[in-house]
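Analysis of the macromolecular model
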Amino acid sequence: VSAPPDAAPPTGDAPPPDPTDALALLAIDPAGLGGALVRGPADPRRDAWLAALRTAITAATPEAPWRRVPLHVTEQRLTGGLDLVATLAAGRPVAERGLLAEADGGVLVLAGAQRIAATTAAHVGAALDTGATGDTLGGLGGGMGGGHPVRIAVVALDEGRPDDDERAPAGLADRLAFHLDHAHLDHASLPDAVPDTRAIAAARALLPHVTAPDDVIAGLTVTAAALGIASLRAPILALRAARAQAARDGRTTVTVADARRAAALVLAPRATRLPPSEPTDDAPEPPPDGEPPPPDGELPPPPDGEPRQPDDDRAAAPDDRPLDDLLVETARAAIPAGLLALLSAGGPPRTTRQPASGRAGPERRTAHGGRPAGNRPGDPRRGDRLDIVATLRTAAPWQPLRRSGPAPDPDAGTARRLEVRRADLRVRRFVHKAGTTLIFAVDASGSAALARLAETKGAVELLLADCYVRRDEVAVIAFRGARPDLLLPPTRALVRAKRALADLPGGGATPLAAALDAARDLALAVRRRGRTPALVVLTDGRANVARDGTRSRVAGEADALAAARLVRAAGIPALVIDSADRAGRQDPGPQRQAAALATALDARYVALPHADARGVSRIVRAELTGA
Amino acid sequence: MAAPFPFTALVGQDELKRALVLTAIDPRIGGVLALGDRGTGKSTVVRGLAALLPPIAVVAGCPYRCDPAQVRAACPMGCAERHTAAIAPVPVVDLPLGATEDRVVGALDLEKALTRGEKAFEPGLLARANRGYLYIDEVNLLEDHLVDLLIDVAASGENVVERDGLSVRHPARFVLIGSGNPEEGELRPQLLDRFGLAVEVTTPTVIAERVEIVRRRDAYEQAPGAFLARFEPEQAALRARILAARDALADVAVPEARIEDAARLCVALRTDGVRGELTLVRAARALAAYEGADEVTLAHLRQLAASALRHRLRRDPLDEAGSTARVARAVVEVFGPPPEPHAAGNGARDPAEARAP
């Protein structure tokens, strides 16, 4: 009965992953499970899920805090430290507890987790690991606030869209037990599903006494490996979920059914490949019903009461694999449909993108380091560095006046105290030389004949080596056939860049206009991140696909030139490397499409054979990066 | 904070554990770089290290943890004049990604400056890591200005602060431990060079090993006290062995021929500078001390060549061929094929040594 891997929808007696399960388990063991990653746009279903979780958790512990961390949270607000403004007002040190410490015993909600700063992710991850805050922000009253207990569940709201590649940092996602997709939230009538308070309290009391049999531990681990999940946190979290599930059902031993539900909830969404197909065909027989799960959180058939041994006939053999098979099958059935399609198509699993830091814009990058460039009024709590000398200089002329006025806090005030007000604060400015991101738009169409494609790849590889030396980021867009492909999002990992290029096949039409549009979009995104984009187009310029996808040389070239002018209007520096063969280039005038393209782009034009790969690399350096 | 997962309870990751033990025996070996997959227990190993190491004697109240036995005149706290000794655990300090420069280097103590008008230095993470370990997870994603700073301090062992009208220098000798996934970004060669040993950490593929990891983790979380007690004998044994190796370190002979061997290997691999052979010999000496050997043998060099050299190869940044394989090849070329496995144990003479005078 082994189903073909792409059989959908997944059914079977496997309990489908149900957000209600995740919710109940999180309420039972919030800190142990780490929390949940919720993917999808902000909408009523997500809000309902969050509200239900909040109800469930506060029902068990009414004083449990619920803290929402905005995207722009400062490091100090997160970890705590000296409250500078309050300190100034009071004239004595006033400590501020960080959000992490405040959330102890409750839930921390990370809004916009796909754009979260690396610092925030690092602090939250460390708190999840150690169960305590690290040290406070230096320079702002050290010695305060470190080592507070932080036993929290984190709910990361990842609103990244499937078509852009923003994702919550992989290091954070790895630490959260549940990865819920928007599709999961779809079929749950959540408000009815909130488990009742006493059940949760009872389960919590039971949880420390729940034991897990060895074969369950082994089964979950094997299942994780079969699904291609490298991280060992996954089976550990799955085991915790299984324990919580056992406690939820009032048992002190984890059963196979618990493990299956945990596998579906924790392991399935992390799958990076489909498990090897069933070696035998005695896979668990799906019951004939195939009806949707009970939406109200009541237990699906198998787990309740006395757990039935699923494979009684084989229980005698000590080295049997039925549990593993069962768990693998369960998890496979629970793999989200979108991921399943991707995996069975042999496509790459969702690769984790590089968690770039300082993504909130150029100001963020320049606040911390670089060459000092004066100061400006500001608030150091935003993460800027206080310029202490300038602050005191600003405050100095006002001292006689302020001392004659009423002291803000007579207890603390002495005649000698310096009166510094918020308006006096000056923060440092830095000039940070923004890094360059080179965007390669590589023509892999049929007209760029295969030999030339190899030459082009050679030139790009040399450029990549050069980028490595200069610490530039590179991105590669390849275009052939119907549309351009972002082969490689901006990265410094050049091994990945090389691999992406090596795998690039040639042949097909030339959608040059669409490629230039994609390159422009990417360049603007790069610029929003505070880096300087530069575009390198390697093409023969013979566009033959119009923007609307129709095959037409005339419309294709016209659209390409129009797209090029848009790139120019955006002020993106560019270089065109003409990969047309010699004969094509020696034709005068209209045949030199790449040259025309360069003109439209206001780009430097280089012909490949004249400039060998090293020459190209030199030109790129001189023209685009100013190095 | 709960006691960390015991170092000796960790399954697998033998190369990483060995590298950490060697740096505990001789901190001068330099840092340890662990490159590999996520969720393979890198952080756990490092955090477990502090609990394993014996506490150190420090000057009470000194933020730089001066050693009372050899107080440095350079200590800005004036430990040289007067001090009382105390015992403190070996610091293992986390440097989080995205930490501000102030926090790492230290800065003017704002609290004192604003409320009392005093100009005082508030030590940063570098000060706290003195005589211990500085751990950077995802070191390959560290911002460039912090990398620059670390490169300088790691080389000089001293943190010089010239900012905010402060002029402070304090000792900052630490073992730098970095971990990261090279798929997500490369390390600058200058920073690579600061790491004495580099190990490759892969997710265990043996199912039984993975199961045992999960089982132990589960046991630890269910009943930390019992779990720690179960491994305490092993922890104590390893601790004693490290201490014994530290004492023995000075007495381990390094024959001239072994130094030549190390140098020949580095020449064959065309590594930059002499840090490669220096680290290799130092690590081999620590390993010999750990194994109770009287002198460094070729077997020690063989075992450590990959750890000490794989990150020092002058490389084509796009070269995908593992540098581990290149080192292994060079080891065979220079030292000859490895001896029979049963002869490679502790104290056995490597037949290839016969060639050397």
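Residues numbered from 1 in each chain as written. Chains lettered and ligands numbered in written order. Predicted model: local features only at pLDDT ≥ 70, side-chain atom pairs only at ≥ 80, totals over all residues. Heavy atoms only, no water.

A few words now on the overall build of chain B. Secondary structure assignment for chain B yields 13 helices and 11 strands. Buried residues in chain B amount to 56% of all 357 residues. Of the contacts formed within chain B by residues at least 6 apart in sequence, a portion of 74% connects residues at least 24 apart. Roughly 14,600 Å² of accessible area belongs to chain B as shown, and the carbon and sulfur atoms make up 54% of that amount. (Helix = DSSP H or I, 4+ residues; strand = E, 2+ residues; numbered from the N terminus. Buried < 20%, exposed > 50% of the residue type's maximum accessible area, 1.4 Å probe, protein only. Contact = heavy atoms within 4.5 Å. Areas by Shrake-Rupley, 256 points an atom, 1.4 Å probe, with all protein chains shown as cover.)

Here the focus is the overall build of chain A. From N to C terminus, chain A includes 26 helices and 15 strands. Counting across all 627 residues of chain A, residues that qualify as buried make up 55%. A sequence separation of at least 24 residues applies to 79% of the contacts in chain A between residues at least 6 apart. Of the roughly 25,500 Å² that chain A leaves accessible, carbon and sulfur atoms contribute 54%.

A word on the environment of B:Val46. Residue and element names in this part refer to chain B. Structurally, Val46 is set in helix H2 (residues 42-52). Distance from Val46 to Leu16, taken between C-alpha atoms, is 9.3 Å for residues 30 residues apart in sequence. Beyond its immediate sequence surroundings of up to four residues, Val46 is in contact with Val92, Tyr135 and Ile177.

Both faces of the sheet carry side chains from a regular strand, because those side chains alternate between them. Residues and elements named next belong to chain A. Bridge count between strand S11 (residues 473-480) and strand S12 (residues 483-491): six bridges; the pairing is antiparallel. Across the sheet, the residue bridging to Val474 is Thr491, located in S12. Here S11 folds back onto S12, and the loop between the two strands holds two residues, one of which, Gly481, carries a positive phi near 65°. (Pairing = 2+ DSSP bridges.)

Helix length check: helix H7 (residues 118-130) of chain A, at 13 residues, gives a terminal C-alpha distance of 18 Å against a target of 18 Å (1.5 Å per residue), a fit within 8%. Summarising the contacts, the buried residues of H7(A) are in contact with helix H4 (75-79), helix H6 (99-102), strand S5 (107-110), strand S6 (153-158) and helix H8 (170-173) of chain A together with helix H3 (101-105) of chain B. Downstream of H7(A) by one or two residues, A:Gly131 has phi in the positive range, about 70°. (Expected span 1.5 Å × (residues − 1).)

Bringing the sheet that holds strand S10 (residues 174-180) of chain B into the picture now. Adjacent strands of a sheet form backbone hydrogen bonds with each other and so pair up, either parallel or antiparallel. Residue and element names in this part refer to chain B. Strand order across the open sheet formed by five strands is S4-S7-S10-S1-S11, with parallel pairing between neighbours. Looking at the sheet topology across the chains shown, the edges are occupied by strand S4 (92-94) and strand S11 (197-201). Within this sheet the neighbouring strands show an average axis-to-axis angle of 20°, counted without direction. Looking at chain direction, strand S7 (residues 132-137) and S10 are connected through six bridges and run parallel. Across the sheet, Ile136 pairs through a bridge with Gly178, a residue of S10. (Axes fitted to C-alpha atoms, helices over the stretch in contact; angles between N-to-C directions.)

We now examine the confidence of the model for chain A. All names here are of chain A. When the pLDDT values of chain A are averaged, the result is 72; 66% of them are 70 or greater. Here residues 278-320 is a poorly scored stretch, pLDDT under 50, and it has 46 contacts once near neighbours within four places are set aside; other chains count. Considering only residues more than four positions removed or in separate chains, one finds that residues 346-367, a stretch of pLDDT under 50, has 48 contacts. (pLDDT = per-residue confidence, 0-100.)

Here we take up the packing of helix H12 (residues 214-226) of chain A against helix H8 (residues 207-222) of chain B. Put simply, H12(A) and H8(B) touch, their axes get as near as 9 Å, and they point 125° apart. Overall, the two elements H12(A) and H8(B) adopt an arrangement that is oblique. Note that H12(A) runs across H8(B); the crossing there is right-handed. When H12(A) is examined against H8(B), the residues A:Asp214, A:Ile217, A:Ala218, A:Thr221, A:Val222 and A:Ala225 are found in contact with a partner set consisting of B:Ile207, B:Arg210, B:Val211, B:Val214, B:Arg215 and B:Asp218. Its residues assigned to classes, the contact of H12(A) with H8(B) shows seven nonpolar, one polar and four charged. (Parallel < 35°, antiparallel > 145°, perpendicular 65-115°, else oblique. Left-handed = near helix turned anticlockwise from the far one by under 90°. Nonpolar A, V, L, I, M, F, W, Y, C, P; charged D, E, K, R; others polar.)

Moving on: the sheet that holds S12(A). Residue and element names in this part refer to chain A. Strand order in the open sheet formed by six strands is S12-S11-S10-S13-S14-S15, with mixed pairing between adjacent strands. At either margin of the open sheet sits one strand with a lone partner, and together these are S12 and strand S15 (604-607). Adjacent strand axes in the sheet meet at a mean angle of 15°, parallel and antiparallel pairs treated alike. Its contacts with the sheet place helix H21 (residues 494-502) against S11 and S12, and it is angled at close to 165° to S12.

Let us now look at the side chain of B:His300. All names here are of chain B. Tracing the chain through its elements places His300 in helix H12 (residues 298-309). Here Glu291 takes part through its side chain, which lies 2.9 Å from a polar atom of the side chain of His300. Filtering out sequence-adjacent residues up to four positions away, His300 remains in contact with Ala284, Leu287, Ala288, Glu291, Ala293 and Glu295. (Polar contact = N/O pair within 3.5 Å; in protein donor to acceptor, adjacent residues only side chain to side chain.)

Residues and elements named next belong to chain A. At their nearest, the axes of H12 and helix H14 (residues 256-267) sit 11 Å apart, and the two run at 30° to each other. The angle between H12 and H14 falls in the class roughly parallel. In the crossing of H12 with H14, the sense of the turn from one axis to the other is right-handed. Across the interface between the two elements, Val216, Leu220, Thr223 and Ala224 of H12 pack against Ala259, Ala263 and Leu267 of H14. When its residues are assigned to classes, the contact of H12 with H14 shows six nonpolar, one polar and no charged.

A word on the nonpolar core. Core analysis: the biggest nonpolar cluster contains 66 residues, and B:Ile25 and B:Leu265 have the highest contact counts within it. Of the residues forming this core, the biggest block, nine residues, is contributed by helix H11 (residues 275-291) of chain B. Other than its neighbours up to four places away in sequence, B:Leu265 contacts B:Leu280, B:Ala305, B:Leu309, B:Ala330, B:Val331, B:Val334 and B:Phe335. Grouped together as the second largest cluster of nonpolar side chains are 64 residues, A:Ala153, A:Ile229, A:Leu232 and B:Val11 included. (Core = buried A, V, L, I, M, F, W, Y, C linked by side-chain atoms within 4.5 Å.)

So, on to the pairing of S5(A). Residue and element names in this part refer to chain A. Residue alternation in S5 divides its side chains into two sets, Val107 and Val109 and Leu108 and Leu110, and both sets are buried. Sheet analysis places strand S2 (residues 66-69) next to S5, joined by four bridges and oriented parallel. By the bridge assignment for S5, Trp66 is matched with Val107. Across four bridges, the pairing between S5 and S6 is parallel. Within S6, the position partnered with Leu110 by the bridge is Ala156.

With that out of the way, let us pick up the environment of B:Asp218. Here B:Asp218 is to be found in helix H8. By relative accessible area, B:Asp218 is classed as buried at 9%. The contact partners of B:Asp218, leaving out residues within four places of it in the chain, are A:Ile217, A:Leu239 and A:Arg243.

Residue and element names in this part refer to chain B. Throughout the structure, instances matching the rule amount to four aromatic pairs over all chains. Here Phe227 and Phe231 contribute two aromatic rings whose centre-to-centre distance is 4.9 Å and whose plane-to-plane angle is 50°, an arrangement assigned as tilted. Taken as a pair, Phe227 and Phe231 lie in helix H9 (residues 224-249) at a separation of four residues, close to a single helical turn. On the basis of relative accessibility, which here comes to 4%, the residue Phe231 falls in the buried class. One aromatic cluster is present, formed by Phe5, Tyr220, Phe227 and Phe231 through successive ring pairs. Over the ring of Tyr290 we find Arg241, and its NZ or CZ is 3.9 Å from the ring centre. (Phe/Tyr/Trp six-rings, centres within 6.5 Å; stacked < 30°, edge-to-face > 60°. Lys NZ or Arg CZ within 6 Å of the ring centre and 35° of its normal.)

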